[in-house]
Each structure stands twice: as C-alpha cells, then as structure tokens.
Amino acid sequence: MNRTLIVLALVLGACSPSRAQTSYPAMTATNYIPQNPSSVETPTTGPETFPQAADPFAKLGEPLCTGLTPENAEGPYYKAGSPERNSLLGEGLVGDRMILIGYVLDSDCTPIPKAWLDFWQADSNGNYDNSGFILRGHQYTDEQGRYLLETVLPGLYASRPIQHIHVKVQAPGGGILTTQLYFPDQAVQGLTVQVESMEKYQLVIFNFVLDQ
Ligand code: FE
C-alpha cells in the first residue's frame, strides 16, 4: 500500500460512524480537561486551578449499591443525537457550576465499562434548548465503569418546580433505563444525588445500578 492509500485509509477510518463507540477514550486524570468558559458566572477556574484536576474521581470511592435505579418519566424534551462530550459548559451559559460523577453498575454491583449515558437538562433559568443541543450530551463510562459530567445546576420551570436532570443509561447490549436525578432539597426515592460543596463548584455523585 503506498503512502496515499495509507493516508486515505486513515481518513476514512476516522470518519467511520462507529468510531465514537469503538475509540472512546477512558476518562482519566490525564485526559479529562475541565472547560472554563468565561461566561459561566461562577468563580474563575481552569485546568491549572481546578481543584480536582489531578483526579476528578478522587471523591468517588468504591462502588456502593443500594438497589436498582428506578425508572422515571422521560418528559417531553428528549432529543436523540446529542453530541458526545463530558462537559456541557459552553459560550453564553450561566449558572452554578457542578460536576456530576458516578459509576454505572450491574445488579451485582460490578462496574460496567462503555455504558452509554445521554444527559439533558434545563438551563439555570429553567429553559430547555429544543432547537439545538445546549445542555445535552452523551458519553460512555470508562474502563472502571465511571462517568463524569461537567455542567450547571438545572433551574426550575413553572410547570415542574423540582430541580432535576434527565438521563438515559444503557449497558452494552442491554436495555435503556430512562430516568431523572433529583437533589436533596426535593429528594425522590432512589434517584437523589449526593451533593458536596467544593470551593468553586458543586460536586454531585450518583451511581446507576442497572437490571443486568
Ligand atoms: Fe425536565
């Protein structure tokens, strides 16, 4: 194969639709780079000052299982085709920054690598982006079954005044769990995150336990 053919093969390989799943890099301390859009109205942070930059999973600990994660309503605002990303922060976004971390586990509490998670949420004013993909994104768990989402705390909206984040979770080859995560002030059985206030963001932890 001459050089031109090799280059062409590499380019075609990079454009393959299956690339997102087959070449997904594990989230590690070395390749996770927190975003820092200046428009987020939280104290300025960046990769050089981000408190957990050395290990974003430092507070996660070992997996704990307290029963299967319940299903919860999908709601009217899901959109398929969200971009693959760990950070939903972007230009023009305001709100209180939060980092959501956790495991995706099977019913034996074993971490599931390469599980798909698709998040969508309201912005800090309670609005969904139904024309684009602001505050929407999917990702896959790393080899230790962990995920990490950098975003802002969701706002309340008039028709549903309870703070929540929507998510779909699927183990490779498994069924899709559609559910929502809630916060301690308005707790929902089996779906309430743990929140720890860090210096410059809210650290939010939730482990999904799938019926696998
Ligand atoms: Fe909602």
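Residues numbered from 1 in each chain as written. Predicted model: local features only at pLDDT ≥ 70, side-chain atom pairs only at ≥ 80, totals over all residues. Heavy atoms only, no water.

S.K.: What should I look at first to understand the coordination of the iron ion in this one?
M.R.: Angles at a metal have ideal values that depend on geometry: 109.5 degrees with four tetrahedral donors, 90 or 180 degrees with six octahedral donors. At the metal site, the iron ion is ligated by Tyr-128 (OH), Tyr-157 (OH), His-164 (NE2) and His-166 (NE2), and these contacts range over 1.9 to 2.2 Å. Of note is the iron ion, whose four donor atoms meet at the metal with angles of 91 to 154° in an arrangement that counts as irregular. Taken in sequence order, the residues that donate to the iron ion follow the motif Y-x28-Y-x6-H-x1-H. Taken as a pair, Tyr-157 and His-166 share a single burial class, namely buried. (Donors = N, O, S within 2.8 Å, 3.2 Å for Na, K, Ca; no water. Tetrahedral: all angles 85-135°; square planar, octahedral: opposite > 155°, others 65-115°. Buried < 20%, exposed > 50% of the residue type's maximum accessible area, 1.4 Å probe, protein only.)

S.K.: Is there a simple way to explain the confidence of the model for the protein in this structure?
M.R.: Close reading of the predicted structure is inappropriate where its pLDDT is low. For the protein, mean pLDDT is 82; residues scoring 70 or higher make up 75% of the total. Note on residues 4-52: pLDDT is under 50 here. Beyond four places in sequence and across chains, it has 75 contacts. (pLDDT = per-residue confidence, 0-100. Contact = heavy atoms within 4.5 Å.)

S.K.: Is there a simple way to explain the sheet that holds strand β5 (residues 164-170) in this structure?
M.R.: Sheet strands pair via backbone hydrogen bonds, and the direction of the pair is either parallel or antiparallel. Spatial strand order, β3-β2-β5-β6: four strands in an open sheet with antiparallel pairing. Since the sheet does not close on itself, it has two edges, and those belong to β3 (136-140) and β6 (176-182), each with one partner. Averaged over all adjacent pairs, the angle separating strand axes in this sheet is 20°, with direction ignored. For strand β2 (residues 116-120) and β5, the ladder comprises five bridges, and the chain directions are antiparallel. Its bridge partner lying in β5, Leu-117 is registered against Val-169. (Pairing = 2+ DSSP bridges. Helix = DSSP H or I, 4+ residues; strand = E, 2+ residues; numbered from the N terminus. Axes fitted to C-alpha atoms, helices over the stretch in contact; angles between N-to-C directions.)

S.K.: I'm lost on the nonpolar core in this one. Help?
M.R.: A general tendency of soluble globular proteins is for nonpolar side chains to be buried together. Judged by nonpolar contacts, the single largest core of 30 residues is most densely connected at Leu-100, Val-104, Leu-117, Phe-119, Tyr-147, Phe-206 and Phe-208. Within the residue set of this core, elements represented by two or more residues are β1 (97-105), β2, β4 (146-152), β5 and β6. With residues near it in sequence (within four places) discarded, Phe-119 still touches Leu-100, Leu-135, Arg-136, Gly-137, Gln-139, Tyr-147, Leu-149, Ile-165, His-166 and Val-167. (Core = buried A, V, L, I, M, F, W, Y, C linked by side-chain atoms within 4.5 Å.)

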